[in-house]
Amino acid sequence: MAWVAAVARLRARRESGVLVTVATVRGHAPRDAGAKLVVGQSETWGSIGGGNVEAVAIDRAREMIAASKPEPELLDFALNDKVVNRHGVQCCGGTVSILLEPLPAVQAVAIFGLGHVGLELARILSRQDLDLHLIDTRSDMLTQERLNPLSDAVAQVHVHHTPLLPEEVLAELPRGAHVLIMTHDHAEDAALCDAALRSQQLGSIGLIGSAAKWGRFRKRLATEGGHDEATIARIKTPIGMADITGKEPATIAVSVAADLLRTFETEVT
């Protein structure tokens, strides 16, 4: 499998990995500069020449995968019989430098409701390297023309039109996906909150709205939904940065996006 396809496979699985590249070669070596190997938690794709160099690179890559915030690294190898190696002798006669680049698992975010705030939020989050799911029961909110500002997205954008039960999309989201609930209909919001609390595979759950709205939802989630206080506390509301108080859709979206990015940082520390 080509290394590009291997990286895409890791991304689709939302698994972290390491891209290993032969950066420089002097003298004789098993592979030329530019040869690549992709290392996942339990699989590898490609080769940088086998032997001690590849085995050490895989060992180090797996250590990086297990680390919280790995940084790119360069490893230097002398390929002669005078060097004591961990995985046997390689005596091609040259030297090689190997670059190890972490491939972190991408975050996934689902925005339920592509109204004024939802669309502005999608525009901001589309500039991030993540999987972005956009869900709305109204087809006119998801037209190609309306979503045209996302045409140059860095994120991988997935559009879901669910005219009846948007909460069914929750089961389709990647494990650990962060959910933001901001539909045009409070009944829809309430159903989504209830369904999200019943899922064990989601990341954070955020709900847009006032204290009065949350008071009604909280009571309903406890009495009709049967959720205990600890479960209900999984929902964060209001969402966004408390010290950003503007009410323009773009301002709210910036606030919510900043708060979500802070959540991402907290997850890996």
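Residues numbered from 1 in each chain as written. Predicted model: local features only at pLDDT ≥ 70, side-chain atom pairs only at ≥ 80, totals over all residues. Heavy atoms only, no water.

S.K.: Even after reading the chapter, I still don't get the confidence of the model for the protein, so can you show me in this structure?
M.R.: Fine structural detail should not be taken from predicted coordinates in areas where pLDDT scores are low. For the protein, per-residue confidence averages 90 on the pLDDT scale, and 93% of positions sit at 70 or higher. The secondary structure element of the protein with the lowest average pLDDT is strand E4 (residues 73-78), at 88, and the one with the highest is strand E9 (residues 178-181), at 98. (pLDDT = per-residue confidence, 0-100. Helix = DSSP H or I, 4+ residues; strand = E, 2+ residues; numbered from the N terminus.)

S.K.: Could you clarify how one ought to interpret the sheet that holds strand E6 (residues 107-112) in this entry?
M.R.: Two strands in a sheet stick together by hydrogen bonds in their backbones, pointing the same way (parallel) or opposite ways (antiparallel). Spatial strand order, E8-E7-E6-E9-E10-E11: 6 strands in an open sheet with parallel pairing. The sheet is open, and its two borders are formed by strand E8 (156-161) and strand E11 (235-236), each paired with just one other strand. Pairing geometry for strand E10 (residues 205-207) and E11, over 2 bridges, is parallel. Opposite Ile205, over in E11, you have Ile235 as the bridge partner. (Pairing = 2+ DSSP bridges.)

S.K.: Would you explain the packing of helix H3 (residues 116-125) against helix H7 (residues 249-267) in this entry?
M.R.: Helix packing for two helices is described by the angle between their axes and how far apart those axes are. Contact geometry of H3 with H7 gives a least axis separation of 8 Å together with a crossing angle of 50°. Between H3 and H7, the crossing angle belongs to the class labelled oblique. As for how H3 packs across H7, the hand of that crossing is right-handed. Across the interface between the two elements, His116, Val117, Glu120, Leu121, Ile124 and Leu125 from H3 touch Pro249, Ala250, Ile252, Ala253, Val254, Val256, Ala257 and Leu260 from H7. When its residues are assigned to classes, the contact of H3 with H7 shows 12 nonpolar, 1 polar and 1 charged. (Axes fitted to C-alpha atoms, helices over the stretch in contact; angles between N-to-C directions. Parallel < 35°, antiparallel > 145°, perpendicular 65-115°, else oblique. Left-handed = near helix turned anticlockwise from the far one by under 90°. Contact = heavy atoms within 4.5 Å. Nonpolar A, V, L, I, M, F, W, Y, C, P; charged D, E, K, R; others polar.)

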